[in-house]
Amino acid sequence: MPFRIAAFFLASIAGALLAGLTSQWRQLWVGAWIGALAWLLMDAWRAQQLVQALREDTVGLGARRMGVWGEIAERVRKLLRVREQQTQQAEERLKEFLAAIQASPNGVILIDDQGRIEWCNQTAAGHLGIDAERDLLQHLSNLVRDPAFVAYLASWNYSRDVVIDGPAAPSGAQGRPARLSVQVHPYAGNRRMLLTRDVTALEQAEAMRRDFVANVSHEIRTPLTVLTGFVETLQSLPLEADERARYLGLMGQQAQRMGTLVNDLLTLSRLEGSAPPPSNQWTRVRALLAHCEDEARGLSARLSGQGHRLFFALEADTELAGTATELQSAMSNLVTNAVRYTPGGGEVTVTWRLLPDGRGEFAVRDTGPGIAADHIPRLTERFYRVDRSRSRETGGTGLGLAIVKHIAQRHGAQLRIESTVGQGSRFMLLFPVTRLRPARPQMAVA
Ligand code: ADP
């Protein structure tokens, strides 16, 4: 400010001096007035220039000028630079934030107070079958017509989510969720944030859990009912000793059936919860096969007087990496199934060999009734049975192949089933090269 006052007086004095030099000394005041006026005009012009520069854009602020207007321009420029940096940072942060929401496995849609889409991520667009760019500012309820969703959106009661069917996929498109959970969260007055979540797998798992509990209850209820009946008979009727012994035998069978079921259930739950099988614990296939043979011969003798023709062949002396008890359980299951479902006099052939690609194949072939093609993909489902009565008669739980499949998966192996009705079946376990090695020569027993 002092500089400005000094400049004003200097201009006045310069005007007065100029007047003194060019005319008479009496005109000094006039000169001073003219000098002051010239300074004011100059000042107003510079102020005008600055206003103009601010009005149009800030390019005019570029050149550094003297005086108060120069300083104002400089300060405005600095302020603008700081603001620009802040805006840029805010924009970058917004971009990062939106990128994070884009990466979210949940769908996010922002709706304005009119119910129009302000922004949505690709996941939400995929879930609801809308276009993240083309459908901006469209009313969401016009795009998603599910009545439950439209009613939910209009209700303004968002304490719970709503579960709706996913949109039908257009031809060629894949991966649309079958069931969607949608929950709205209001914010900033009447704005709403909508979260979508694919709950297809969750609902399937829930349905499976319900089916599983129903199946287990059913499987346990049947022998339990039989047992209760026998107990009541024994309590109420005076029976002969041999009849009593027969009843107790039948009761024992039912109790054993329940025990087998509980054991299979425990095996499945152990398989689901335990650590992956080790890749450095080796078991000789020869020993596994020998155990299978013992079991098969015992079972065959028990089931049919005629017995079965049983063949066991080890074409390559190999060791398998994994959990020995699991490997034994998977192989025994396939072998005992073949014996159980093949009528007496039939043939069961069990082989272990190395395939040309290096994989190991454990194969069980039988000359039993065979299985129709439409049953084959479902055989490994829990409690799925083709021949229900044969399964029950021979102590089956309907869990055997589910256990085999689980064990195979844990060991990186593949369960393959081939069958022709009336001719027989072939069940194979294919083990990867990484789990095989040639058997080491056995140490001589001293
Ligand atoms: P289960 O305890 O009833 O034998 P599994 O899971 O082992 O249960 O087998 C499922 C179903 O597959 C059986 O109920 C049976 O109908 C069919 N199955 C399994 N193995 C054979 C086989 N070798 N021949 C014919 N049917 C078989």
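Note that the structure is a prediction, hence the values are computed from the model and not measured.

The next subject is the site of the ligand. Near the ligand you find 20 residues, and of these Asn337, Tyr341, Ser391, Gly398 and Leu401 are the closest. Measuring from an oxygen atom of the ligand, one finds a side-chain N or O atom of Asn337 at 2.8 Å. Taking 520 Å² as the accessible area of the ligand by itself, protein coverage stands at 97%. For the shell around the ligand, the leading source of residues is helix α10 (residues 324-341), giving four residues. Here the shell around the ligand is composed, by residue class, of nine nonpolar, seven polar and four charged.

Attention shifts here to the pattern of salt bridges. Across all of its chains, the model carries 25 salt bridges by this definition. For Arg309, the salt bridge identified is with Glu347, shortest N-O distance 2.7 Å. Remark: Glu347 occurs in strand β9 (residues 347-354) and Arg309 occurs in strand β7 (residues 309-314); sequence separation between them is 38 residues. Residue Arg309 is classed as partly exposed on the basis of its relative accessible area, which comes to 44%. Between Arg390 and Glu393 there is a salt bridge, with its nearest N and O atoms 3.9 Å apart. Of this pair, Arg390 and Glu393 are both found in helix α11 (residues 388-393), three residues apart, which corresponds to roughly one turn of the helix. By sharing partners, the salt bridges in this structure join Arg353, Glu361, Glu418 and Arg426 into a single network.

With that settled, consider helix α1 (residues 2-22). When the terminal C-alpha atoms of α1 are compared, their 30 Å separation across 21 residues agrees well with the 30 Å that a helix rising 1.5 Å per residue should span. Of all the positions in α1, only Ala11, Ser12, Gly15, Ala16, Ala19 and Gly20 are classed as buried. Residues of α1 that are buried in the fold lie against α2 (28-56).

Pairing is antiparallel in the open sheet, where five strands are placed in the order β2-β1-β5-β4-β3. Of all strands in the sheet, those bounded by a partner on one side alone are β2 (117-120) and β3 (162-165). Pairwise comparison of adjacent strand axes, ignoring direction, gives a mean angle of 25° for this sheet. Two strands pair when backbone bridges link them, and strand β4 (residues 179-187) and strand β5 (residues 191-198) are joined in this way by eight bridges, in the antiparallel orientation. Within the sheet, the bridge partner assigned to Leu180 lies in β5 and is Asp198.

In this structure, Leu320, Leu334, Phe362, Leu429 and Phe431 are the most contacted members of the largest nonpolar core, which totals 44 residues. Those elements that provide at least two residues to this core are α8 (241-273), α9 (285-303), α10, β9, β10 (360-366), α12 (400-410), β11 (414-420) and β12 (424-431). The element that contributes the greatest number of residues to this core is α10, accounting for seven residues. The residues contacting Phe362, other than those within four sequence positions of it, are Leu289, Met331, Leu334, Val335, Val350, Thr351, Trp352, Phe427, Met428 and Leu429. Formed by 21 residues, the second largest nonpolar core is a distinct cluster that contains Cys120, Ala125, Tyr158 and Val184.

Further remarks concern a nonpolar patch on the surface. Residues Met1, Ile5, Phe9, Ile13 and Leu17 make up a contiguous nonpolar surface patch of roughly 550 Å² in combined accessible area. Examined against the element boundaries, Leu17 turns out to sit in helix α1.

Taking 1.5 Å as the rise per residue, α8 with 33 residues should run 48 Å; its terminal C-alpha atoms sit 47 Å apart, in good agreement. When we look at burial in α8, the residues that qualify are Tyr247, Met251, Gln254, Arg257, Met258, Leu261, Asp264, Leu265, Leu268 and Leu271. Against α7 (200-236), α10, α11 and α12 lie the buried residues of α8.

This part covers the packing of α2 against helix α3 (residues 67-103). Think of two packed helices as two axes; the pair is described by the angle between the axes and how far apart they sit. Here α2 crosses α3 at 15°, and the two axes come no closer than 9 Å. Classified by the angle their axes make, α2 and α3 are roughly parallel. Read as a crossing pair, α2 and α3 show a hand that is right-handed. Between α2 and α3, the residues in contact are Asp43, Arg46, Ala47, Leu50 and Leu54 and Gly67, Trp69, Gly70, Ile72, Ala73 and Val76, respectively. The residue inventory of the contact of α2 with α3, partitioned by class, reads seven nonpolar, two polar and two charged.

Rules used throughout
- Residues numbered from 1 in each chain as written.
- Predicted model: local features only at pLDDT ≥ 70, side-chain atom pairs only at ≥ 80, totals over all residues.
- Heavy atoms only, no water.
- Near = heavy atom within 4 Å.
- Polar contact = N/O pair within 3.5 Å; in protein donor to acceptor, adjacent residues only side chain to side chain.
- Areas by Shrake-Rupley, 256 points an atom, 1.4 Å probe, with all protein chains shown as cover.
- Helix = DSSP H or I, 4+ residues; strand = E, 2+ residues; numbered from the N terminus.
- Nonpolar A, V, L, I, M, F, W, Y, C, P; charged D, E, K, R; others polar.
- Salt bridge = Lys/Arg side-chain N within 4 Å of Asp/Glu carboxyl O.
- Buried < 20%, exposed > 50% of the residue type's maximum accessible area, 1.4 Å probe, protein only.
- Expected span 1.5 Å × (residues − 1).
- Contact = heavy atoms within 4.5 Å.
- Pairing = 2+ DSSP bridges.
- Axes fitted to C-alpha atoms, helices over the stretch in contact; angles between N-to-C directions.
- Core = buried A, V, L, I, M, F, W, Y, C linked by side-chain atoms within 4.5 Å.
- Patch = residues over 30% accessible without salt bridge, like charges linked within 9 Å, V, L, I, M, F, W, Y side chains within 5 Å.
- Parallel < 35°, antiparallel > 145°, perpendicular 65-115°, else oblique.
- Left-handed = near helix turned anticlockwise from the far one by under 90°.

Geometric descriptors of this kind do not, in isolation, establish any biological role.
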